[in-house]
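Structural description and commentary
What follows is the residue order along each chain.
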Amino acid sequence: MHLSFVPPRRVKIGDAAAFAGTTPRAIRHYHAIGLLPEPERGGDGRRRYGHQDMIRLLWIRRMAGAGIALDDIRDALTADTGSVGDDREHGDSGGGDVDGGDGIALILGRLENSLAAQEAVLRRQRTAVQRMRAEGSRMGLLSDVVTDRFKSLPDGSLRQGELDTLLVTERIFGPLGAAVQATRFIALATRPALREESDRVDAAEEALDDTVAVDDPRVARVAAERHAFEGALDAFIEESGLAGDDDALFEAWDARDSATTDQEEDEEEEEDDDGGGDRGSGGRRARTMSAFEAVGRMPYDFSPARLRCMELAEQLAAQDAPTA
């Protein structure tokens, strides 16, 4: 019986790439890294690919599509057959035993851990996007323990500057620190008189620019005004019951922390094994650093006079603090 079509014994790189669903450039890269052995060349000096070359190329493409790194694919395909040169000497283009061997098992184990870590990151990113849509602002990118503090406030109660401050505080002191700081902004949002006084004192501090000497009388006066305002704010927080909310927050955080520590440690180990770095906006954690490190790395354009004002305000607060 005469076949109407006789398949070629060897094909050029363009045909090999088209059949495998890749590009000639990718195949040349496989050659360069030793993943795909160099085939025989025709009389014109061009590569010619045979059946076993194509088999190996198809396995390479299938494994790469599964997310296995090229170096791992090379190790897996040659683990049970020796070097690529040895494969060709025995008439095998290096298809290898892709189903067996400890090498491929270890590779697939690492890949599965990596994919699990990526899935966890994607879940957190999706949650962040959903929360941002629900909040209608960048507030949704803060931790839920922070944003939950503002559920009872009308939309637009917080200023952008206050969200910026919460973002920095969460980076330095974590979600709990920002959630506690949220009490301050809740008080300002619910007490217009305090908000007005806060704006006045903030403006007075900002006026202490580089043209003001550290011993200028205005420095001490603004420090006293800051101290008085902070006292009034603390009194309102205590009277309004917001201080009690802080106590409940600490208790809830302790319970939540103990319940999630083991799970987060497992996720962090998976990411560390996979070489995962700093998580993005959807991530649960960023690289750990102390508050001292963080404060030293966050720039603030404070003049010497303003820094002196802050120092004097702290001294006044220390004088009023109850003695043990």
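Residues numbered from 1 in each chain as written. Predicted model: local features only at pLDDT ≥ 70, side-chain atom pairs only at ≥ 80, totals over all residues. Heavy atoms only, no water.

1. So, the pattern of salt bridges
Put simply, the test is: When a carboxyl oxygen of Asp or Glu lies within 4 Å of a side-chain nitrogen of Lys or Arg, that pair is called a salt bridge. Here a helix means four or more residues in a row that DSSP labels H or I, a strand means two or more in a row labelled E, and each is numbered from the N terminus. Exposure classes here rest on a 1.4 Å probe applied to the protein chains alone. A residue is buried below 20% of its type maximum, exposed above 50%, and partly exposed in between.
Under the definition given, this model contains 18 salt bridges. The partner of glutamate 230 in a salt bridge is arginine 184, and the shortest N-O contact between them spans 2.7 Å. In this pair, glutamate 230 is assigned in helix H10 (residues 217-240) and arginine 184 in helix H8 (residues 160-190), connecting sequence segments 46 residues apart. Between glutamate 205 and arginine 306 there is a salt bridge, and its shortest N-O distance comes to 3.9 Å. Taken together, the residues glutamate 205 in helix H9 (residues 192-206) and arginine 306 in helix H13 (residues 304-320) connect sequence positions 101 residues apart. The pair glutamate 205 / arginine 306 is uniform in exposure class, with both members buried. Linked through salt bridges whose partners overlap, the residues forming this network are Arg184, Asp202, Glu205, Arg226, Glu230 and Arg306.

2. Observations regarding a negative patch on the surface
Put simply, the test is: Each patch is assembled from residues with relative accessible area greater than 30% and no salt bridge, linking like charges that lie within 9 Å and nonpolar side chains (Val, Leu, Ile, Met, Phe, Trp, Tyr) that lie within 5 Å. All accessible-area figures derive from a Shrake-Rupley calculation using a 1.4 Å probe, and residue coverage is judged against the displayed protein chains alone. Charge counting follows a simple rule: Lys and Arg are positive, Asp and Glu are negative, and His as well as the terminal groups are ignored. Each charge is placed at NZ for Lys, CZ for Arg, CG for Asp and CD for Glu.
On the surface, Asp234, Glu238, Glu239, Asp245, Asp247, Glu251 and Asp254 cluster together into a negatively charged patch. When residues of the negative patch are traced back to their parent elements, those giving at least two are H10 and helix H11 (242-273). Examining the composition of the negative patch, we find that 4 residues originate from one element, H11, more than from any other. With respect to the helices and strands, the residue glutamate 238 is situated in helix H10.

3. A word on the nonpolar core
We apply this condition: Put simply, buried Ala, Val, Leu, Ile, Met, Phe, Trp, Tyr and Cys residues joined by side-chain atoms within 4.5 Å make one nonpolar core. In what follows, a contact means two residues having at least one pair of non-hydrogen atoms within 4.5 Å.
Grouped together as the largest cluster of nonpolar side chains are 27 residues, with contacts concentrated most on Val146, Phe150, Leu166 and Leu233. Contributing elements (two or more residues each) for this core: helix H7 (144-147), H8, H9, H10 and H11. Tallying contributions element by element places H8 first for this core, with 10 residues. With residues near it in sequence (within four places) discarded, phenylalanine 150 still touches Met139, Leu158, Leu166, Ala182, Phe185 and Ile186.

4. With respect to H9
Filter applied, for reference: Each helix should span, by expectation, one fewer than its residue count multiplied by 1.5 Å.
A rise of 1.5 Å per residue sets the reference length of H9, with its 15 residues, at 21 Å; its end C-alpha atoms lie 21 Å apart and thus fit the reference within 8%. Those residues of H9 not exposed but buried are Leu194, Arg195, Ser198, Val201, Ala204 and Glu205. Those residues of H9 that are buried are in contact with H8, H10 and H13.

5. Focus on the packing of H10 against H13
What counts, and what does not: Helix axes are fitted only over the stretch in contact, all axes being lines through C-alpha atoms; the angle between N-to-C directions runs from 0 to 180 degrees. With respect to orientation, any angle under 35 degrees is reported as roughly parallel, any angle over 145 as roughly antiparallel, any angle of 65 to 115 as roughly perpendicular, and every other angle as oblique. Handedness of a crossing is defined here by the sense of rotation of the near helix relative to the far one, left-handed for an anticlockwise turn of less than a right angle and right-handed for a clockwise turn. Note that Gly is not counted as nonpolar here; it falls among the polar residues with everything else outside the nonpolar set of Ala, Val, Leu, Ile, Met, Phe, Trp, Tyr, Cys and Pro and the charged set of Asp, Glu, Lys and Arg.
Orientation of H10 relative to H13, taken along the N-to-C sense of each, is 45°, at an axis distance of 8 Å. As judged from the angle between their axes, H10 and H13 are oblique. Every pair of crossing elements has a handedness; the one defined by H10 and H13 is right-handed. Judged by residue contacts, Val219, Ala220, Val222, Ala223, Ala224, Arg226 and His227 of H10 engage Ala305, Arg308, Cys309, Leu312, Ala313, Leu316, Ala317 and Asp320 from H13. Here the residues of the contact of H10 with H13 are counted per class, giving 11 nonpolar, 1 polar and 3 charged.

6. A few points about the packing of H8 against H9
Packing of H8 against H9 brings their axes to within 5 Å, and their N-to-C directions diverge by 125°. The angle between the axes of H8 and H9 places the two elements in the oblique class. Two secondary-structure elements touch here, H8 through Glu162, Leu188, Ala189 and Thr190 and H9 through Pro192, Leu194, Arg195 and Ser198. For the contact of H8 with H9, the class distribution of residues is 4 nonpolar, 2 polar and 2 charged.

7. Let's talk about the confidence of the model for the protein chain
Operational definition: Every residue is assigned a pLDDT by the predictor, reflecting its confidence on a scale from 0 to 100.
Overall, the predicted model of the protein chain reaches an average pLDDT of 80, with 79% of residues at or above 70. Mean pLDDT per element in the protein chain: helix H5 (residues 84-89) is the minimum at 43, and H9 is the maximum at 96. Scored below 50 in pLDDT, residues 82-100 shows 34 contacts in the model against residues more than four places distant or in partner chains. Contacts from residues 270-286, a stretch scored under 50 in pLDDT, to residues over four places away or in other chains number 28 contacts.

8. So, the packing of aromatic side chains
We apply this condition: Two aromatic rings, drawn from Phe, Tyr or Trp (for Trp, its six-membered ring), form a pair once their centres lie within 6.5 Å of each other, and the interplanar angle then sorts them: stacked below 30 degrees, edge-to-face above 60, tilted otherwise.
Following the criterion strictly, the structure yields 1 aromatic pair and no others. Arranged with centres 5.4 Å apart and planes meeting at 20°, the rings of tyrosine 300 and phenylalanine 302 form a pair that is stacked. You can call tyrosine 300 partly exposed: its relative accessible area is 49%. Given a relative accessible area of 28%, phenylalanine 302 falls into the partly exposed group.

9. Side note on the environment of alanine 207
Summarising the element assignment, alanine 207 is placed in the loop between H9 and H10. Its relative accessible area of 46% is what places alanine 207 among the partly exposed residues. Taking the C-alpha atoms as reference, alanine 207 lies 9.9 Å from valine 222; in sequence the two are 15 residues apart.

10. Thoughts on the side chain of glutamate 170
As for its placement among the helices and strands, glutamate 170 is situated in helix H8. Setting aside residues up to four positions removed in sequence, glutamate 170 forms contacts with Leu142, Ser143, Val146, Pro175 and Ala178.

11. Observations regarding the environment of serine 157
Basically, it comes down to this: Within 3.5 Å is the distance limit for a polar contact, defined as a pair of N or O atoms, with the added protein rule that one can donate a hydrogen and the other accept it, and that residues adjacent in sequence qualify only through two side-chain atoms.
Tracing the backbone shows serine 157 in the loop between H7 and H8. Along the backbone, serine 157 and alanine 189 are 32 residues apart, and their C-alpha atoms lie at a distance of 5.8 Å. Those residues in contact with serine 157 that lie beyond four places of it in its chain are Glu162, Ala189 and Arg195. A polar side-chain atom of serine 157 sits 2.6 Å from the main-chain carbonyl oxygen of proline 154.

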